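This is what each chain is made of:
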Amino acid sequence: MAEPVYRRVVIKLSGEYLAGPHSFGIDQPTVDRIADDLIAVQKLGVEVAVVVGGGNMVRGVDVSSQGVSRSTGDTMGMLATVMNCLALEAAIQRKGTPAQALSAFVMPEVCKLFTRAAAHKSLAKGRIVVLGGGTGNPYFTTDTTAVLRAAEIGAQAVLKATNVDGVYSADPKKDPAAKRFDRLTHSQAIEGGYKVMDATAFALARETSLPIIVFSIAEPGSIGAILQGEGRGTIVAG
Ligand code: UDP
């Protein structure tokens, strides 16, 4: 078995993915499958922190178009990420692997607050860390959160799990001529305006010299394959 390329990573999981075949909410079989994948990665000897999105429930921009202020809408979105976070933490724990949810917000009855020290401690104890609440600030995304947390906890890479096998010049589901990239620099990713991740996330990754690997999570075991250098994805790096 190939040695993992990285020893500590942040995996970005979109909320949409947690809805499984549905357009809203949490699909438990999907959460269970992801929990299995994460546990398998941890067994490779990789320290894993997961940043969970909230798009399966609330996106700030969507609710703000219906009359709620953008800041309030974004706060609702961040709270949605905490719910996803709890679902994933519970699924991992049910399978007998320790997990720790950490939130960007103080909510002591719900889970612990994210601090770098709390994250380091949990990872050192062999827990899979599940990060909710985004950055804790409106106008950001959980993609940017993933890069921020990776920089804060000294992760060596961000793994952006999506439903496509890398970065494309256009949406490959709509445009058959879309070109797939094996490798891009952070600057090329920003200049290209590729929709897979927002420019703030790429800019922070450039600033902090963090590689981002964009890959498809559709196949069980795909996170482990990427970490063993065997999977298919686009590497965005300096
Ligand atoms: N959000 C935010 N600040 C953050 C992270 C997220 O305001 O630092 C809000 C924002 O409204 C966003 C929602 O939470 O639309 C859900 O996050 P995201 O859209 O990144 O989730 P995903 O698309 O990955 O499921």
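The model shown is predicted, which means the values in this text are computed figures rather than measured ones. (Residues numbered from 1 in each chain as written. Predicted model: local features only at pLDDT ≥ 70, side-chain atom pairs only at ≥ 80, totals over all residues.)

When helices and strands are tallied, the chain shows 9 helices and 11 strands. Taking 18 Å as the expected radius of gyration for a compact globule of 238 residues, we find that the chain reaches 17 Å, a close match to that expectation. In terms of overall dimensions, the chain has a C-alpha envelope of 50 × 50 × 35 Å along the principal axes. Going through the 238 residues of the chain one by one, you find that 47% of them count as buried. Considering only contacts within the chain whose residues lie at least 6 apart along the sequence, 70% involve residues at least 24 apart. (Helix = DSSP H or I, 4+ residues; strand = E, 2+ residues; numbered from the N terminus. Rg over C-alpha atoms; globule rule 2.2 N^0.38 Å. Buried ≥ 20, exposed ≤ 12 C-beta atoms within 10 Å, placed from the backbone. Contact = placed C-beta atoms within 7 Å.)

As a matter of local geometry, the ligand sits amid 22 residues, with G53, G55, G60, G77 and G134 nearest to it. Put simply, the parts of the chain that give the shell around the ligand at least two residues each are α1 (15-18), α4 (70-94) and α6 (142-153). Ranked by residue count, the leading element in the shell around the ligand is α4, at 5 residues. Its residues placed into classes, the shell around the ligand shows 3 nonpolar, 15 polar and 4 charged. (Near = placed C-beta within 6 Å. Nonpolar A, V, L, I, M, F, W, Y, C, P; charged D, E, K, R; others polar.)

According to UniProt, the "binding site: UMP" (unreviewed entry) feature falls on G54, D74, T135, G136, N137, P138, Y139, F140, T141 and T142. A stretch of 89 residues holds the annotated residues, and the largest C-alpha distance among them is 14.1 Å, short enough that they meet in one place. With respect to the helices, strands and loops of the structure, T135 is situated in the loop between β5 (128-132) and α6. When residues no more than four places from it in sequence are discounted, the contact partners of T135 are A104, F140, T144, T145 and L148. Of note, Y139 is situated in the loop between β5 and α6. Since 12 C-beta atoms lie within 10 Å of it, Y139 is described here as exposed. (UniProt positions renumbered as here; feature names shortened; annotations may be inferred.)

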